[in-house]
Amino acid sequence: GHSLTLAVSLPTALGVAWLSASVIEFAEDRGITHVLINEATREAEVDWRANDIAIVYDNPPFRGKSWRILSEVKLRTVFSAILFPSLERQSRERKLSGYTLLHEDDGEEWKKWALAAKVSLQHSARVRVKSMAQAVASAVQGRGISLASDVLTRTFLNDGRLIQPFSTAIRAAADYYMVCSEDRAEDPLLLSFMSHVE
């Protein structure tokens, strides 16, 4: 029969936010004794010799792969409750000045968001981080305002550690996809894994 192992690649931020727990739960349900959780964000970064399945933040097509969407990514501003009083006033005035804006792209998404929200970003500092995990962690620590997906911030929003001051959301540049090699597209274990995390 199957050797009971499963190797899954996840984007760091998504793994930290909730997916690692979901993978472990799946493994426990299925009696899988060896689980390996690797990290990669884009499909091209996944080591396909070492992973059965990957969840990536990317845009298809992925050559030689089978994929389906896990979730569309919408971005909203999040910041720590620590910053709340002074920010509340600014959100009424439609501006974000004197705050540090955290982003992992070249700043395009903040520009796009500011336009959609009709908010001025003048006099705000910018910090570019390597990963969304860092942007979210910094926001939780009150170090700045992050433009992050609801998927990543769900837990922090639920327990009140992060707040969303503006309702405006924009579509991110990519979405989350579940990807495996074409020849394993019908693999019952991978199919049940996909429906478990969906």
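Our structure's up above, just so we're on the same page.
Residues numbered from 1 in each chain as written. Predicted model: local features only at pLDDT ≥ 70, side-chain atom pairs only at ≥ 80, totals over all residues. Heavy atoms only, no water.

K.L.:
What am I meant to see in helix 1 (residues 12-30) here?
P.N.:
Side chains three or four residues apart in an α-helix point the same way, a direct result of the helix having 3.6 residues per turn. When the local axis directions of helix 1 are compared, the greatest deviation, roughly 65°, occurs at W18. Buried within helix 1 we find A13, L14, G15, A17, L19, S20, S22, V23, F26 and A27. Just downstream of helix 1, G31 is the residue with a positive phi angle, here 65°. (Bend = angle between axes of the 7 residues up to and from the residue. Helix = DSSP H or I, 4+ residues; strand = E, 2+ residues; numbered from the N terminus. Buried < 20%, exposed > 50% of the residue type's maximum accessible area, 1.4 Å probe, protein only.)

K.L.:
Explain the pattern of salt bridges to me, please; I cannot follow it from the model alone.
P.N.:
Pairs can form between side chains of opposite charge whenever their charged atoms are close. With the rule as written, the count across this model stands at 12 salt bridges. The salt bridge involving E198 is made with R68; its shortest N-O contact spans 3.0 Å. On the criterion of sequence distance, the pair formed by E198 in the segment after helix 6 (188-197) and R68 in strand 4 (residues 65-71) is long-range, its members being 130 residues apart. Looking at E198, the relative accessible area reads 53%, which means it is exposed. Among the residues examined, R68 registers a relative accessible area of 28% and is labelled partly exposed. Between R171 and D175 there is a salt bridge, and its shortest N-O distance comes to 2.7 Å. Of the residues examined, D175 reaches a relative accessible area of 5% and is grouped as buried. Residues participating in the shared-partner salt-bridge network are E72, K74, R171 and D175. (Salt bridge = Lys/Arg side-chain N within 4 Å of Asp/Glu carboxyl O.)

K.L.:
How do you make sense of unusual backbone geometry when you look at a structure like this?
P.N.:
Leaving glycine out, the prevailing phi sign among residues is negative, and the prevailing peptide bond configuration is trans. A cis geometry characterises the amide bond from P60 onward to P61, with omega recorded as 5°. You can see P61 is positioned in the loop between strand 3 (53-58) and strand 4. Phi is positive for H123, which is not a glycine, with a value near 65°. If you trace the backbone, H123 turns up in the loop between helix 3 (108-117) and strand 7 (125-128). Residue classification places H123 among the exposed residues on the basis of a relative accessible area of 67%.

K.L.:
Looking at this structure, how should I read the sheet that holds strand 11 (residues 175-181)?
P.N.:
In sheet architecture, strand pairing relies on hydrogen bonds along the backbone and comes in two forms, parallel and antiparallel. Reading across the sheet, the 5 strands line up as 2-1-3-11-4 and stay open at both edges, with mixed pairing between neighbours. Edge strands, defined here as strands with exactly one partner in the open sheet, are strand 2 (34-39) and strand 4. Within the sheet, the average angular offset between the axes of one strand and its neighbour, ignoring direction, is 20°. In terms of strand pairing, strand 1 (residues 5-10) meets strand 3 through 2 bridges, oriented parallel. Within the sheet, the bridge partner assigned to S9 lies in strand 3 and is A54. (Pairing = 2+ DSSP bridges. Axes fitted to C-alpha atoms, helices over the stretch in contact; angles between N-to-C directions.)

K.L.:
What am I meant to see in the packing of aromatic side chains here?
P.N.:
Each aromatic ring pair is described using two quantities: the centre-to-centre distance and the angle formed by the ring planes. Scanning the model with the defined rule gives 6 aromatic pairs in all. Ring centres of F26 and F193 lie 5.4 Å apart, and the angle between their planes is 80°; this geometry places the pair in the edge-to-face category. Of this pair, F26 sits in helix 1 while F193 sits in helix 6, and the two are 167 residues apart along the sequence. As far as the burial class goes, F26 and F193 line up, both buried. The ring of W18 is capped by R154, whose NZ or CZ atom sits 5.2 Å from the centre of that ring. (Phe/Tyr/Trp six-rings, centres within 6.5 Å; stacked < 30°, edge-to-face > 60°. Lys NZ or Arg CZ within 6 Å of the ring centre and 35° of its normal.)

K.L.:
Help me understand the pairing of strand 2 in this model?
P.N.:
Looking along a regular strand, one sees side chains alternate from face to face of the sheet. Note: strand 1 against strand 2, 6 bridges, orientation parallel. In the sheet register, T5 faces strand 2, and the bridge partner there is H34. Between the parallel elements strand 1 and strand 2, the chain passes through helix 1 in a crossover that is right-handed. (Right-handed = clockwise from strand over helix to strand, strands pointing away.)

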